[in-house]
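What follows is the residue order along each chain.
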Amino acid sequence: MFAKAFRVKSNTAIKGSDRRKLRADVTTAFPTLGTDQVSELVPGKEELNIVKLYAYKGDAVTVYVSGGNPILFELEKNLYPTVYTLWSYPDLLPTFTTWPLVLEKLVGGADLMLPGLVMSPAGLPQVQKGDLCAISLVGNRAPVAIGVAAMSTAEMLTSGLKGRGFSVLHTYQDHLWRSGNKSSPPSIAPLALDSADLSEEKGSVQVDSTLQGDMRHMILEGEEENGEAHQACEEKSLSEAPEDTSTGGLNQDSTDSKTLQEQMDELLQQCFLHALKCRVKKADLPLLTSTFLGSHMFSCCPEGQQLDIRKSSYKKLSKFLQQMQQEQIIQVKELSKGVESIVAVDWKHPRITSFVIPEPSPTSQTIQEGSREQPYHPPDIKPLYCVPASMTLLFQESGHKKGSFLEGSEVRTIIINYAKKNDLVDADNKNLVKLDPILCDCILEKNEQHTVMKLPWDSLLTRCLEKLQPAYQVTFPGQEPIVKKGKICPIDITLAQRASNKKVTVVRNLEAYGLDPYSVAAILQQRCQASTTVTPAPGAKDSLQVQIQGNQVHHLGWLLLEEYQLPRKHIQGLEKAPKPGKKK
């Protein structure tokens, strides 16, 4: 389900009533969890977010995120734990075991076939068709996938362990896992066995003799996007399986000597220094601290990493900036109540002057959709003119007919050639053009038909352009031009007041410029540290609008103008950005 990038619809903090309902749902779905464990999984006061998304095949999924990690997801009113949760509660679900080589195919979207199962001396867990199950690897009890049993345990054994065993929903290393802190599975030792079982397990894996022939090959089949099945076969029989499987077969990266918090502290300081050295200018001061974070620091974050102050030792931006002020790198003041701004920067400070700017990534300008990155380049937008029926006679001599699209320069050339060809240039004053019946019908008003006999060149051309219908051409890099009648709608930024008396920023018409509203919402959510939603735009067919909590016009302006390089003339509402020293 999460083998490919998903699309985020909204990300909001959970309400108290929803938190209580989630606890009740968890208790019902997983009765083996005690009250304390449920409270630990769904904390009472810690941050908990509800993320609504669409999987790549279109399934609507609700994900619950705690501490930056997805802990549960809901599909068709069924609640499922993620691998992050199963690592804390490895006995939450009945667990089946497979070989490490199988994991790669599961991550790619394949289902688990029964010949790929490893039979322990205790046999297979007892499940019924449709039961939710966990899947672990030989030598490590930490689950790496969850799936739904395609048949009962009895049916599995009766079939001779042939056929599809589990429909896999989520795995370690898939895109849902990547949305968290990307930690590796912990090492959880297999359940203790008696001495007879232990000696048996050290050698070959013993299974019923009637099944050994059928289990000679580990076969895994799944469906790729084109619907064709793919499979992976291990040529060795189970009795030839390697003995050293204590690591569970996962290619775990060696643990860095630095903690995650220390790494985040270093990333925070790197982005801070990079932003001051390359992005902030003296003319930008005073600069809102929130703007400094969202528009400057986040854009300096290296590709593939995510800046999250909450995971640093500082926890809050204000605390980090206080530390930087103590080091006399910057000066921060509260220019209005509750709103801090950077008012001075010591660009000669040794930490700034000695900072080495990382080499830019070739894909640094990107739109992120889930964890997939797509380079964005602004389209080339060219105004055009369309010939209406009333102007057909004027343009037919040049080979154009009703509905033809022309550039302004082409219109000018056609009019000049028409006047010269028909000897309409005034002999006494070359700046005037005599109007013949066709020109009179095309460009004059009814009350002018018998009074206006000549027009200056500039007036003639201006009138002609005004009588033509507006149109435009949009060309995206590597694509054929798209021509449409009318004027292209600008990206529209507005501020709205909600019932709770809170301001929200609304942006529309992103699609016309090749921008995905869901991707823009995901970027703004991170940079503004505010909730975002994507909803249908009122009164517009097949168009979406992005809504961000608070006045985020400044962040939007930076994203659209500086990063996406869109012309300012195609964006309206930028003047609504909050002024330094004023509350959002």
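An unreviewed UniProt entry annotates the protein as Eukaryotic translation initiation factor 2D originating from Rhinopithecus bieti. UniProt annotates the protein under Sequence similarities (unreviewed entry) with the comment "Belongs to the eIF2D family." Here is the UniProt Subcellular location (unreviewed entry) comment for the protein, exactly as written: "Cytoplasm".

**With respect to the overall build of the protein**
The number of helices and strands found in the protein is 18 helices and 28 strands. Taking all 584 residues of the protein together, the buried fraction comes to 44%. Looking at the protein alone, contacts between residues at least 24 apart form 60% of all its contacts between residues at least 6 apart. Within the structure as shown, the protein displays about 30600 Å² of accessible surface, and the carbon and sulfur contribution to it stands at 49%.

**Remarks on the sheet that holds strand β8 (residues 132-137)**
Ordered in space as β6-β8-β9-β10-β7, the 5 strands form an open sheet in which the pairing is mixed. The sheet is open, and its two borders are formed by β6 (95-98) and β7 (112-113), each paired with just one other strand. As defined by bridge partners, β7 adjoins strand β10 (residues 164-171) across 2 bridges and the pair is classed as antiparallel. Looking across to β10, one finds that M113 is bridged to R164.

**What to know about helix α11 (residues 317-326)**
The set of residues buried in α11 consists of L317, F320, L321 and M324. The buried residues of α11 occupy an angular sector of 95° when the element is viewed end-on, so they sit on one face. Those residues of α11 hidden inside the fold are in contact with α9 (260-278), α10 (289-297), β14 (330-336) and α12 (350-353). Q328, located one to two residues past α11, shows a positive phi value of around 65°.

**A few points about helix α4 (residues 100-107)**
Every buried residue of α4 is listed here: P100, V102, L103, L106 and V107. Buried residues of α4, viewed axially, fall in a sector of 140°; they line one side. Facing away from the buried surface of α4 by more than 90 degrees, the exposed residues are L101 and E104. G109 sits one or two positions beyond α4 and adopts a positive phi of about 110°.

**Thoughts on the nonpolar core**
In terms of nonpolar packing, the biggest core is built from 36 residues, with L22, V26, F30, L72 and F73 touching the most fellow members. Elements with a minimum of two residues in this core: α1 (16-29), α2 (35-41), β2 (48-54), β3 (60-66), β4 (69-75), β5 (78-81) and β8. Core analysis: the second largest hydrophobic core is formed by 32 residues, Y513, I571, L574 and A577 among them.

**Some points on the packing of α9 against α11**
Put simply, α9 and α11 touch, their axes get as near as 12 Å, and they point 65° apart. Crossing geometry of α9 relative to α11 is assigned as right-handed. Within the contact between the two elements, α9 uses L268, Q269 and F272 and α11 uses F320, L321 and M324. Within the contact of α9 with α11, the residues separate by chemical class into 5 nonpolar, 1 polar and no charged.

**Focus: the pairing of β4**
Residues in a regular strand point their side chains to alternate faces of the sheet. Of all 7 residues making up β4, 6 are buried, and the element is well covered by its neighbours. Where β3 lies against β4, 5 bridges are found, and the strand directions are antiparallel. Note on β4: the bridge partner recorded for Y64 is L72. Turn length for the β3-β4 hairpin, with the two strands adjacent in sequence and antiparallel, is 2 residues, and the turn residue G67 shows positive phi of about 60°. Here β4 pairs with β5 via 4 bridges, running antiparallel.

**Brief notes about the pattern of salt bridges**
This model, assessed by the stated rule, comprises 12 salt bridges. The residue K467 makes a salt bridge to E445 at a minimum N-O spacing of 3.2 Å. Taken together, the residues K467 in helix α16 (residues 457-467) and E445 in the loop between α15 (437-443) and β21 (454-456) connect sequence positions 22 residues apart. A relative accessible area of 31% means that K467 is categorised as partly exposed.

**What to know about the packing of aromatic side chains**
A full pass over the atoms with the stated rule returns 11 aromatic pairs. Ring plane angle 65° and centroid distance 6.0 Å describe the contact between W87 and Y172, whose orientation is recorded as edge-to-face. Here the residue W87 occupies a position in helix α3 (residues 83-88), and Y172 occupies one in the loop between β10 and α6 (175-178), the gap between them amounting to 85 residues. Taken together, F2, F6, F73 and Y80 form an aromatic cluster joined through their ring pairs.

**A few points about unusual backbone geometry**
P286 follows L285 through a cis peptide bond whose omega is -5°. Following the sequence through the fold, P286 ends up in the loop between α9 and β13 (287-288). Positive phi is not limited to glycine here, since K315 has a value of about 70°. In this structure, K315 sits in the loop between α10 and α11. Phi at Q565 takes a positive value of approximately 60°, unusual for a residue other than glycine. Position of Q565 relative to the elements: it lies in the loop between α18 (553-563) and β28 (571-572). Relative accessible area serves as the criterion here: at 47%, Q565 is assigned to the partly exposed category.

**Digging into the pairing of strand β15 (residues 339-345)**
Sheet topology places β13 next to β15; 2 bridges connect them, and they run antiparallel. Within β15, the position partnered with L287 by the bridge is I342. Between β14 and the antiparallel strand that follows it, β15, lie 2 residues; G338 among them carries a positive phi value of about 80°.

Each value, and the rule that gives it
Residues numbered from 1 in each chain as written. Predicted model: local features only at pLDDT ≥ 70, side-chain atom pairs only at ≥ 80, totals over all residues. Heavy atoms only, no water. UniProt positions renumbered as here; feature names shortened; annotations may be inferred. Helix = DSSP H or I, 4+ residues; strand = E, 2+ residues; numbered from the N terminus. Buried < 20%, exposed > 50% of the residue type's maximum accessible area, 1.4 Å probe, protein only. Contact = heavy atoms within 4.5 Å. Areas by Shrake-Rupley, 256 points an atom, 1.4 Å probe, with all protein chains shown as cover. Pairing = 2+ DSSP bridges. Arc of directions from axis to C-beta. Core = buried A, V, L, I, M, F, W, Y, C linked by side-chain atoms within 4.5 Å. Axes fitted to C-alpha atoms, helices over the stretch in contact; angles between N-to-C directions. Left-handed = near helix turned anticlockwise from the far one by under 90°. Nonpolar A, V, L, I, M, F, W, Y, C, P; charged D, E, K, R; others polar. Salt bridge = Lys/Arg side-chain N within 4 Å of Asp/Glu carboxyl O. Phe/Tyr/Trp six-rings, centres within 6.5 Å; stacked < 30°, edge-to-face > 60°.

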